[in-house]
Amino acid sequence: MKHTLSIILLTLATVPMSAQWQRQPTPNDTLQPVRNLGNGNIAFSIYAPNAKEVGFGGDAMPWGKPVNFQKAENGVWTAVIPDVKDGVYRYNFTVDGVKVQDPRGALSPETSALANIGDGKQFYDVRADIPHGAMAQRLYFSKTLNTLRRLHIWTPAGYEKGAEKLPVLYLIHGGGDNDASWPGVGCAGTILDNLMAEGKMQPMIVVMPNGSIDMQNLMDEVPLFEQDLMTSIIPFVEANYRVYADKGHRAMAGLSMGGMETMETLLNDYDQFDYFWVLSAGWFPAQQEQFEGYRQRLNKAAKGIKENVRQLVFTQGGPEDIAYQNGLATLKLFDAEGIKYEFYDAPGGHTWYTWRNNLHQLAQRLFK
């Protein structure tokens, strides 16, 4: 079979890999790359502990004046640019002679180049011979975080002219990514378009929120996201789209950290969804106190889960999936409580290769 390689350039920078592991924190985790110091002085910073030289470029660059970066002991380089007027500016760094987009910039998780390697006829590839749905970006106010947040919403082809209400899938990305990840590298829109055209899925709306919250410990974002989902995201969707507002027409799925957020929602809001899919995720048995806390919470929620949840599915990307052992340990807790679930395991690892296949399988089984 002849394979072709197509490159989709969204800009430079890279998408952080979604992760189900805990790592040693670095100064980059909480770095503010752009700080307004007042009086027109703006500090630009980048974490580059092994760099020998850092430079600067872009619209904020003062013409004809040098920009001198100073390196702190923690590996953060900073330069202060004076006389910057209020406005919107493009900027980039140069690290040892290489132009680098800010890895901590507001749009960095969604500005990666994508390489589509294959024959162009896969379930995630764009087809010219079918109707296509719409992928919208929407802003909503988060009561939990007291700020505006963004999400993506896919609606099926013809939704704009229709009158019927539809069910909703809330689809969550993993740690380090944001709401642009499922529409981007996850190919969610094309997967759903193709399934709809083939008659393999029920018409539905798919909401892809931003599950990432700027916390030094990734686990701290889990309960905050669950609160945001229930108090702001779902009410926003149900107030602005033609959707059913009952548990029988709601589903939730999340990968990696999004799987942790899905399980958090399962523990607290099992009576609000009929469907839960946990992809490449599990609680951490190595953290015994935390793991025991989840065991106790699951014990309290078990009766409600059994009575309310219609479909509970766990998936892994094979033993090479970094969440594999955590996931198996977590399933033993569900076994101990007598909670029924389905488990699917297929080679692919902790990667978007696995999760695109998960979505393809998931979408065909909901609301039937």
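Procedures and definitions
- Residues numbered from 1 in each chain as written.
- Predicted model: local features only at pLDDT ≥ 70, side-chain atom pairs only at ≥ 80, totals over all residues.
- Heavy atoms only, no water.
- Helix = DSSP H or I, 4+ residues; strand = E, 2+ residues; numbered from the N terminus.
- Rg over C-alpha atoms; globule rule 2.2 N^0.38 Å.
- Buried < 20%, exposed > 50% of the residue type's maximum accessible area, 1.4 Å probe, protein only.
- Lys, Arg positive; Asp, Glu negative; His and termini not counted.
- Charge placed at Lys NZ, Arg CZ, Asp CG, Glu CD.
- Expected span 1.5 Å × (residues − 1).
- Contact = heavy atoms within 4.5 Å.
- Axes fitted to C-alpha atoms, helices over the stretch in contact; angles between N-to-C directions.
- Left-handed = near helix turned anticlockwise from the far one by under 90°.
- Nonpolar A, V, L, I, M, F, W, Y, C, P; charged D, E, K, R; others polar.
- Pairing = 2+ DSSP bridges.
- Core = buried A, V, L, I, M, F, W, Y, C linked by side-chain atoms within 4.5 Å.

Quick notes on the overall build of the chain
Step number 1: Broken down by element type, the chain carries 6 helices and 17 strands.
Step number 2: Rg of the C-alpha trace for the chain: 22 Å, near the compact-globule value of 21 Å for 368 residues, within the 12% margin.
Step number 3: Here the C-alpha coordinates of the chain stretch approximately 65 × 55 × 45 Å along the principal axes.
Step number 4: Within the span of the chain, comprising 368 residues, buried residues form 48% of the whole.
Step number 5: Each charge sign in the chain was given a centre, from 33 positive and 39 negative side chains, and these centres are 3 Å apart.

A short note on helix 5 (residues 324–336)
Step number 1: With 13 residues, helix 5 should cover 18 Å at 1.5 Å per step; its first-to-last C-alpha distance of 19 Å lies within 8% of that length.
Step number 2: Here helix 5 has its buried residues at Tyr324, Asn326, Gly327, Ala329, Thr330, Leu331, Leu333 and Phe334.
Step number 3: Where helix 5 is buried, its residues touch helix 3 (257–269), helix 4 (288–308), strand 16 (311–316) and strand 17 (342–345).
Step number 4: Within two residues after helix 5, Gly338 carries a phi angle of roughly 70°, on the positive side.

Looking at the environment of Val185
Step number 1: Looking at the element boundaries, Val185 is found in the loop between strand 12 (168–172) and helix 1 (188–197).
Step number 2: On a C-alpha basis, the gap between Val185 and Trp352 in space is 7.2 Å, while along the polypeptide they are 167 residues apart.
Step number 3: In this structure Val185 touches Leu114, Trp352 and Arg356, once residues within four positions along its chain are discounted.

Focus: the packing of helix 1 against helix 6 (residues 352–363)
How two helices sit against one another is set out by the angle between their axes and by the gap between those axes.
Step number 1: Relative to each other, helix 1 and helix 6 sit at 35°, their axes nearing to 10 Å. Here helix 1 and helix 6 pass one another in a crossing that is right-handed. In this structure, helix 1 contributes Ala188, Ile191, Leu192 and Leu195 to the contact, and helix 6 contributes Arg356, Leu359, His360 and Ala363.
Step number 2: For the contact of helix 1 with helix 6, a count of residues per class yields 6 nonpolar, 1 polar and 1 charged.

Notes on the sheet that holds strand 8 (residues 98–100)
Step number 1: Pairing is antiparallel across the open sheet formed by 3 strands, whose spatial order is 4-7-8. Taken across any chain shown, the strands that pair with only one partner, and hence form the sheet edges, are strand 4 (54–58) and strand 8. This sheet shows a mean twist of 30° between the axes of neighbouring strands, independent of strand direction.
Step number 2: The pairing of strand 7 (residues 91–95) with strand 8 spans 3 bridges and is antiparallel. Within strand 8, the residue paired with Thr94 across the bridge is Lys99.

Let's talk about the nonpolar core
Step number 1: If you look at the biggest cluster of nonpolar residues, it comprises 47 residues, and the most contacted ones within it are Tyr170, Val207 and Trp283.
Step number 2: A total of 7 residues in this core trace back to one element, the largest contributor, which is helix 2 (residues 221–240).
Step number 3: Excluding residues that lie within four positions of it along the chain, Tyr170 makes contacts with Val207, Leu229, Ile233, Ile234, Val237, Arg250, Ala251, Met252, Ala253 and Phe273.
Step number 4: Residues Trp154, Met204, Val206 and Tyr275 belong to the second largest nonpolar core, which totals 29 residues.

Considering the pairing of strand 4
Step number 1: Burial analysis of strand 4 places 4 of its 5 residues in the buried class, the great majority of the element.
Step number 2: Bridge analysis of strand 4 against strand 7 gives 5 bridges, and the strand direction is antiparallel. Pairing of Gly57 across the sheet is with Asn92, part of strand 7.

Remember that the coordinates give geometry; whether it matters functionally is a separate question.
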